[in-house]
Amino acid sequence: MKAKSDLLDLLRTFRADKSAHLQKHPWHYMGCDNGLDSRALRAWLRKYETSLQLGTPFDPATNGRIEAYIKTLTTTARSMLLASGLPTKFWLAAFHYSCQIWNIAHRKGESISPYEMIHGTRPDAFKFHPFGIACVVYLHPDKRSDKSFGPRGIPAFYIGRAYQNTSSHLCCIIGSNKFIRSNSVVFGKTYPAKLTSDASSNSPDFDMQTTGSSTQASTAIADIKVPNSIKEALKL
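Every value quoted in this text rests on a predicted model; they were computed, and no experiment measured them.

1. Topic: the pattern of salt bridges
- Per the stated rule, a full pass over the model turns up 3 salt bridges.
- The salt bridge partner of Arg-42 is Asp-37, with a shortest N-O separation of 3.0 Å.
- Between Lys-147 and Asp-142 there is a salt bridge, with its nearest N and O atoms 3.6 Å apart.

Below you can see the structure in the form of structure tokens.
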């Protein structure tokens, strides 16, 4: 969000993306600080019978629960960035991944995770891997430079679950700022990943942990839809 005026558009997108979940779990109220309050926001929330709760000016403690969540996510994202050795331009990808991790974690006093509350099924924690770990992503034959003898995979490093489809992995090609979204990924032992490509080898030190039901799983490369906020942070 570049400006506070962008908030309403982001909320419209959020409601459209989560419309099925909101039918089961109604959105009763929204809490924020006074800086985001506006007549347009209040009118839009009233349309969906959602109340706006504002914190006391210059007193973050009145919005303490939200502030605590932000601090937890920020601390998790910072730890993943430092452990992975990736540059700070990946902070937003790390923040997004930390949010996904906390959504599958149990809270104190609750028997199920937020993910299970919304989707009704248990999350598969084995689909989550260390942020920044080295990997090789399967390349569809149409994306290979040589379909007969060219490499079938491309070195990359893992930056979390895909944004539009959380069943897929999102990886960044080593030596470029291009993204690959795929279900066919082999994760290696190299952590943190080496951020330089080696022409003589297509795979770092592999453990052969393969995800994806088939090596023919579809792969969207380079021009996949990545949120503009992520692209901006990575300066793509």
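2. Observations regarding the packing of aromatic side chains
- Overall, the coordinates contain 8 aromatic pairs when judged by the stated rule.
- Their ring planes at 70° and their centres at 6.3 Å tell us that Trp-27 and Trp-44 sit as a pair that is edge-to-face. On the criterion of sequence distance, the pair formed by Trp-27 in the loop between helix H2 (19-24) and strand S1 (29-32) and Trp-44 in helix H3 (residues 39-47) is long-range, its members being 17 residues apart. Of the two residues, Trp-27 and Trp-44, both sit in the buried class.
- Seen in terms of ring centroids, Tyr-97 and Tyr-158 are 5.6 Å apart; in terms of plane orientation they differ by 85°. Their pairing is edge-to-face. Taken together, the residues span a long stretch of sequence, with Tyr-97 in helix H5 (residues 91-103) and Tyr-158 in strand S4 (residues 153-161) at a distance of 61 residues.
- According to the relative accessible area criterion, Tyr-158 is buried, its value standing at 0%.
- Aromatic ring contacts, followed pair by pair, group Tyr-97, Phe-128, Phe-131, Tyr-158 and Phe-187 into a single cluster.
- A cation sits over an aromatic face here: Arg-161 above Phe-128, 5.7 Å from the ring centre.

3. Some points on the confidence of the model for the protein
- The predicted model of the protein averages 78 in pLDDT, with 81% of residues at 70 or higher.
- When the elements of the protein are averaged for pLDDT, strand S9 (residues 219-222) gives the smallest value, 37, and H5 the largest, 92.
- Of the regions scoring below 50 in pLDDT, residues 197-226 engages in 67 contacts with residues more than four places distant in sequence or in other chains.

4. Re the nonpolar core
- Counting residues in hydrophobic clusters, the biggest one holds 30 residues, and the most contacted among them are Phe-131, Val-137, Phe-157 and Ile-159.
- Residue assignment for this core shows that the elements contributing at least two residues are helix H4 (64-84), H5, strand S3 (134-138), S4, strand S5 (169-173), strand S6 (179-182) and strand S7 (185-188).
- By size, the runner-up hydrophobic cluster in this structure holds 11 residues, among which are Leu-7, Leu-11, Cys-32 and Leu-41.

5. Quick notes on the side chain of Arg-144
- Inspection of the secondary structure assignment puts Arg-144 in the loop between S3 and S4.
- As a buried residue without a salt bridge, Arg-144 has its nearest oppositely charged side chain in Asp-146, at a separation of 8.3 Å.
- Once residues within four sequence positions are removed from consideration, Arg-144 is found in contact with Tyr-138, Leu-139, Pro-151 and Arg-152.

6. Let's talk about the packing of H4 against H5
- Interhelical geometry of H4 versus H5 gives an angle of 120° and a closest axis separation of 8 Å. As judged from the angle between their axes, H4 and H5 are oblique. The chirality of how H4 crosses H5 is right-handed. Where H4 abuts H5, its residues Ile-70, Thr-72, Leu-73, Thr-74, Thr-76, Ala-77, Met-80 and Leu-81 lie against Trp-91, Ala-94, Phe-95, Tyr-97, Ser-98, Cys-99, Ile-101 and Trp-102.
- Residues belonging to the contact of H4 with H5 are distributed by class as follows: 12 nonpolar, 4 polar and no charged.

7. Quick look at the side chain of Arg-161
- Relative to the helices and strands, Arg-161 resides in strand S4.
- Buried and without a salt bridge, Arg-161 has Asp-124 as its closest oppositely charged side chain, separated by 7.7 Å.
- Reaching out from Arg-161, the side chain makes a polar contact with the backbone oxygen of Lys-127 at a distance of 3.0 Å.
- Only 3.0 Å separates the side chain of Arg-161 from the side chain of His-169, close enough to count as a polar contact.

8. Section: H4
- With 21 residues, H4 should cover 30 Å at 1.5 Å per step; its first-to-last C-alpha distance of 30 Å lies within 8% of that length.
- Taken residue by residue, H4 has Leu-73, Thr-76, Ala-77, Met-80, Leu-81 and Ser-84 as its buried positions. One face of H4 carries all of its buried residues, which in axial projection span an arc of 135°. Turned more than 90 degrees off the buried face of H4, the exposed positions are Lys-71 and Leu-82.
- Looking at the buried residues of H4, the elements they touch are H5.
- Within two residues after H4, Gly-85 carries a phi angle of roughly 80°, on the positive side.

What counts as what
Residues numbered from 1 in each chain as written. Predicted model: local features only at pLDDT ≥ 70, side-chain atom pairs only at ≥ 80, totals over all residues. Heavy atoms only, no water. Salt bridge = Lys/Arg side-chain N within 4 Å of Asp/Glu carboxyl O. Phe/Tyr/Trp six-rings, centres within 6.5 Å; stacked < 30°, edge-to-face > 60°. Helix = DSSP H or I, 4+ residues; strand = E, 2+ residues; numbered from the N terminus. Buried < 20%, exposed > 50% of the residue type's maximum accessible area, 1.4 Å probe, protein only. Lys NZ or Arg CZ within 6 Å of the ring centre and 35° of its normal. pLDDT = per-residue confidence, 0-100. Contact = heavy atoms within 4.5 Å. Core = buried A, V, L, I, M, F, W, Y, C linked by side-chain atoms within 4.5 Å. Lys, Arg positive; Asp, Glu negative; His and termini not counted. Axes fitted to C-alpha atoms, helices over the stretch in contact; angles between N-to-C directions. Parallel < 35°, antiparallel > 145°, perpendicular 65-115°, else oblique. Left-handed = near helix turned anticlockwise from the far one by under 90°. Nonpolar A, V, L, I, M, F, W, Y, C, P; charged D, E, K, R; others polar. Polar contact = N/O pair within 3.5 Å; in protein donor to acceptor, adjacent residues only side chain to side chain. Expected span 1.5 Å × (residues − 1). Arc of directions from axis to C-beta.

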